[in-house]
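Chains, contacts and geometry: an overview
What follows is the residue order along each chain.
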Amino acid sequence: MTEALSGHEVLAIDAGTQGVSIILWCPASKRVLGTGEAKYAYDYIPGLPEGRLEQYPHYWSDAIAAAMEKLRQDVRNRLGLTIKTVAGIGVTGHMHCMVRRDGGNGAKPFGCDMWNDPRGGPESRELSGLFHEHMPARWTVCHILASMRADPESWKRVDGVTVTSGSIVHDLTGEWVLGPGDASGMMGNLDADGQFDRNKANIVDRAAGHAAAPLHSMLPRVVPAGDVAGRLNSNGATLLGGLPEGIPVAAPEGDQQSVLVGAAVDELELALSAGTSFTGNLPVSAHIMAESEAFNVLHTPDAKTMLMVCARNGTVGFAQYVEGLVRLTGESFGEIADRLTDLARDVPVDAYGTVLLPFFQGENVAELPDARASLHHAGLDILSNPGLMARLLLEGPCMTMRYGLELVKNRAGQIRNVQLTGGALKSKGGYAPQLYADILGVPVVARHGDEEGTAKGAAILAAYMVECQEGRTPESLAAFARTQVSGEEKVWEPSPAADSYSERYRLFETHVRDMQSRRA
């Protein structure tokens, strides 16, 4: 018989937009022991009318069963061991998705509005005014109100509403619960007791003409990090391929909160994922209300404030530029990217006076959702020196990120450092991370060899719960997350050019303000 693992490992389930990833994490060795992945049957429910992007909850549970089977096989192949039990389970998922439960039988037969479903725009504007707190259109509450108005008959059957991670924990434990971070992505700031704000729920009831049961009665109970959200029941045990019932499950969290935990950042440390978009999550102690799309206000798993600045146009501009040159030259993407990086490094800090506003797809951080990119003070260098365009495309997203951070600095404080993940770390010779350190004026840190992704954050949340329940409560969630860090740390300190980049940022900011005034 194949030897079993120790049972002190934790399981982490990450339900993304297109599929599920499950990892087995060992807190003692700080490493992933195995992984399993499975795609959903469909990206979205087939045959929906235009303007609707929905998934069924069974897509997630079906994928979990398939991914768990692959995880077991991966652990056997890697280690020659079997998974008999685990110490705890963490769950994370894509945020804001509207999941409804049928009061008649407890099933979830309704389609679930996804975070990128275009509905909810009018309700966003309406609820922002009624709540005195900005509610982005993708927030769950905007979809709740829109759905109650569009289909009141279906809501007569509903006795619960949650999001992806909460739905999965319900499948595993039967509990209707949610972590503070994912809960804040439903309706914004929680109340003083860390639960959903009853006044907000009452406002939605009135706005919907009391089309359903009181919203407050349908919302999950909010459970902070460290507490047990529920225990694996018979349904959950079957879904996970025969794990024993009774295993504790941590409070389910959103993907952004899990990334934050995986990065092991503390107050005023920015977890920056630099990829197609630039997403920066910043834990702060101040209580802040969101006022616009420039930055979102959420909660961390341990109920602190989390500011999220998301620049829509990240590395996409540079990647598209490289792709164009690949088609011309026939060289590989990596070869062209490295060559452009070398040329960008030779461009002076002032970039010959040229400034790019890289808003190719609009930019909510600058409150210019319909804008397009614009080039200012360009000379012939822009045509003759591809390194100049490369430099502008590499620095632009970080300039946008700084613009968002400047908006909250007076209320939240200056960031202390940046924990960087994402494609920007592939930049030749660390050029992009050094550029970010100079633009933001703070150290940029990356942990090479450390595991990235939301699944690791969910694993840490599960391990933290186990520590707390066994009486070994760490100083804080962030402190515990740092004990789970592996890999060497690389630090890029701001160079002497940082002051010059600050002057350059002020010029960038001036052009943004000019564009805003023209569009007002």
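Described below are features of the structure shown in this document. (Residues numbered from 1 in each chain as written. Predicted model: local features only at pLDDT ≥ 70, side-chain atom pairs only at ≥ 80, totals over all residues. Heavy atoms only, no water.)

1. Here we look at the overall build of the protein
Formally: A run of H or I in DSSP becomes a helix once it reaches four residues, and a run of E becomes a strand once it reaches two; helices and strands are each numbered from the N terminus. A radius of gyration in this sense is built from C-alpha atoms; the matching globule rule multiplies 2.2 Å by the number of residues raised to 0.38. Buried, partly exposed and exposed residues are distinguished by accessible area as a fraction of the type maximum, computed with a 1.4 Å probe on protein chains only: under 20%, between the cut-offs, and over 50%, respectively. We call two residues contacting when some pair of their heavy atoms lies within 4.5 Å. The sign given to each residue is positive for Lys and Arg and negative for Asp and Glu; His and the chain ends receive no count. Note that the charge is assigned to NZ on lysines, CZ on arginines, CG on aspartates and CD on glutamates.
A tally of helices and strands in the protein yields 18 helices and 22 strands. For the protein, the C-alpha radius of gyration of 23 Å lies close to 24 Å, the compact-globule estimate for 520 residues. Across the 520 residues in the protein, those meeting the buried criterion constitute 58%. Within the protein, residue pairs in contact and separated by at least 24 positions form 71% of the contacts whose partners lie at least 6 positions apart. If you average the places of the 46 positive and of the 63 negative side-chain charges in the protein, the two averages end up 1 Å apart.

2. Side note on the nonpolar core
Put simply, the rule is: The nonpolar core is taken to be a set of buried Ala, Val, Leu, Ile, Met, Phe, Trp, Tyr and Cys residues, with the residues joined through side-chain atoms within 4.5 Å.
In terms of nonpolar packing, the biggest core is built from 67 residues, with L307, F359, V418, Y436 and F508 touching the most fellow members. Among the elements that line this core, the one with the most residues is helix 14 (residues 386-412), at 13 residues. When sequence neighbours within four positions are dropped, the list of residues in contact with Y436 reads A274, F278, L394, C398, L420, A424, G441 and V444. I13, Y40, A63 and V99 belong to the second-largest nonpolar core, a separate cluster that totals 43 residues.

3. Examining the side chain of E406
Relative to the helices and strands, E406 resides in helix 14. What E406 contacts, discounting residues up to four positions off in sequence, is Y505 and R506.

4. A word on unusual backbone geometry
Most peptide bonds take the trans form, and the phi angle of most residues other than glycine is negative. Even without a glycine there, the phi angle at A303 is positive, about 70°. With respect to the helices and strands, the residue A303 is situated in the loop between strand 16 (296-299) and strand 17 (305-311). We note that Y352 has phi near 60°; this positive angle belongs to a residue other than glycine. Along the polypeptide, Y352 turns up in the loop between helix 12 (333-345) and strand 18 (355-357).

5. Some remarks on helix 10 (residues 255-262)
Because the α-helix completes a turn every 3.6 residues, residues three or four places apart line up on one side. The buried fraction of helix 10 amounts to six of the eight residues, a majority that puts the element mostly inside the structure. Buried residues of helix 10: Q256, Q257, S258, L260, V261 and G262, and no others. Following helix 10 by one or two positions, A264 has its phi on the positive side, about 55°.

6. Some remarks on the environment of A263
With respect to the helices, strands and loops of the structure, A263 is situated in the loop between helix 10 and strand 14 (269-274). The sequence separation of A263 and A446 amounts to 183 residues, and the corresponding C-alpha distance is 9.3 Å. With residues near it in sequence (within four places) discarded, A263 still touches A271, Q419 and R447.

7. Some remarks on the pairing of strand 16
The criterion, for reference: A strand pair is defined by DSSP finding two or more bridges across the two strands.
With burial as the criterion, each face of strand 16 is covered, one bearing N296 and L298 and the other bearing V297 and H299. Here four bridges tie strand 16 to strand 17, and the two strands are oriented antiparallel to one another. By the bridge assignment, L298 is partnered in strand 17 with M306. Connecting the antiparallel pair strand 16 and strand 17 is a turn made up of five residues, with A303 showing a positive phi of about 70°.

8. A short note on the pairing of strand 2 (residues 19-26)
Of all the eight residues making up strand 2, eight are buried; the element is thus mostly covered by neighbouring parts of the structure. Residue alternation in strand 2 divides its side chains into two sets, G19, S21, I23 and W25 and V20, I22, L24 and C26, and both sets are buried. Relative to strand 2, strand 1 (residues 10-15) runs antiparallel, the two being bridged by six bridges. From the neighbouring strand, D14 faces strand 2, where its bridge partner is S21. Connecting strand 1 to the next strand, strand 2, in antiparallel fashion are three residues. Where strand 2 meets strand 3 (residues 31-39), eight bridges bridge the pair, whose relative direction is antiparallel. Following the sheet pairing, L24 is matched in strand 3 by G34.

9. Observations regarding the packing of aromatic side chains
For clarity, the cut-off: In this analysis, rings of Phe, Tyr and Trp, with Trp reduced to its six-membered ring, are considered paired at centre separations within 6.5 Å, and the interplanar angle assigns stacked below 30 degrees, edge-to-face beyond 60, and tilted for intermediate values.
The full count for this structure, using the stated rule, is six aromatic pairs. Centre to centre, the rings of Y42 and Y59 are 6.1 Å apart; their planes meet at 45°, and the pair counts as tilted. Within this pair, whereas Y42 is found in the loop between strand 3 and strand 4 (54-55), its partner Y59 is found in helix 1 (residues 57-79), the two being separated by 17 residues in sequence. Judged by its relative accessible area of 3%, Y59 is buried. Pairing Y464 with F480 gives two aromatic rings, centres 5.8 Å apart and planes at 50°, and the pair type is tilted. Of the two residues, Y464 is situated in helix 16 (residues 454-469) and F480 in helix 17 (residues 477-483); the sequence distance between them amounts to 16 residues. Across this residue pair, the class does not change: Y464 and F480 are buried. An aromatic cluster of at least three residues, connected via ring pairs, comprises Y42, Y56 and Y59.

10. Side note on the environment of E69
Secondary-structure assignment places E69 in helix 1. With a relative accessible area of 59%, E69 lands in the exposed category. Between the alpha carbons of E69 and P122 there is a distance of 43 Å; along the sequence they are 53 residues apart.

11. Description of the side chain of Q516
Going by this rule: Identification of polar contacts relies on pairs of N or O atoms within 3.5 Å, with a donor-acceptor requirement for protein atoms, meaning one able to donate a hydrogen and the other able to accept it, and with residues adjacent in sequence counted only if both atoms are side-chain atoms.
Following the sequence through the fold, Q516 ends up in helix 18 (residues 498-519). A polar atom in the side chain of Q516 sits 2.6 Å from the backbone oxygen of A366. Filtering out sequence-adjacent residues up to four positions away, Q516 remains in contact with A366, E367, L368 and Y403.

12. Quick look at helix 1
Quick reminder of the rule: Multiplying one less than the number of residues by 1.5 Å gives the expected span of a helix.
The end-to-end C-alpha distance of helix 1 is 33 Å, a good match for the 33 Å that 23 residues give at a rise of 1.5 Å each. Looking at helix 1, one finds that the buried residues are P57, Y59, W60, S61, A63, I64, A67, M68, L71, R72, D74 and V75. Residue G80 follows helix 1 closely and has a positive phi angle near 70°.

13. Topic: the packing of helix 11 (residues 316-329) against helix 12
The condition that has to hold: Lines fitted to the C-alpha atoms define the axes, with helices restricted to the stretch that makes contact. Angles between their N-to-C directions range from 0 to 180 degrees. Working rule for handedness: look at the near helix, and if it is turned counterclockwise from the far one by less than a right angle, call the crossing left-handed; if clockwise, right-handed. Gly counts as polar in this scheme, as do all residues outside two lists: the nonpolar Ala, Val, Leu, Ile, Met, Phe, Trp, Tyr, Cys and Pro, and the charged Asp, Glu, Lys and Arg.
At a closest axis distance of 9 Å, the pairing of helix 11 and helix 12 adopts a crossing angle of 115°. Helix-helix and strand crossings are classified by hand; for helix 11 and helix 12 the assignment is right-handed. In this structure, helix 11 uses F318, A319, Y321, V322, E323, L325, V326 and T329 to contact helix 12, whose residues at the interface are F333, I336, A337, L340 and T341. Broken down by class, the residue content of the contact of helix 11 with helix 12 amounts to ten nonpolar, two polar and one charged.

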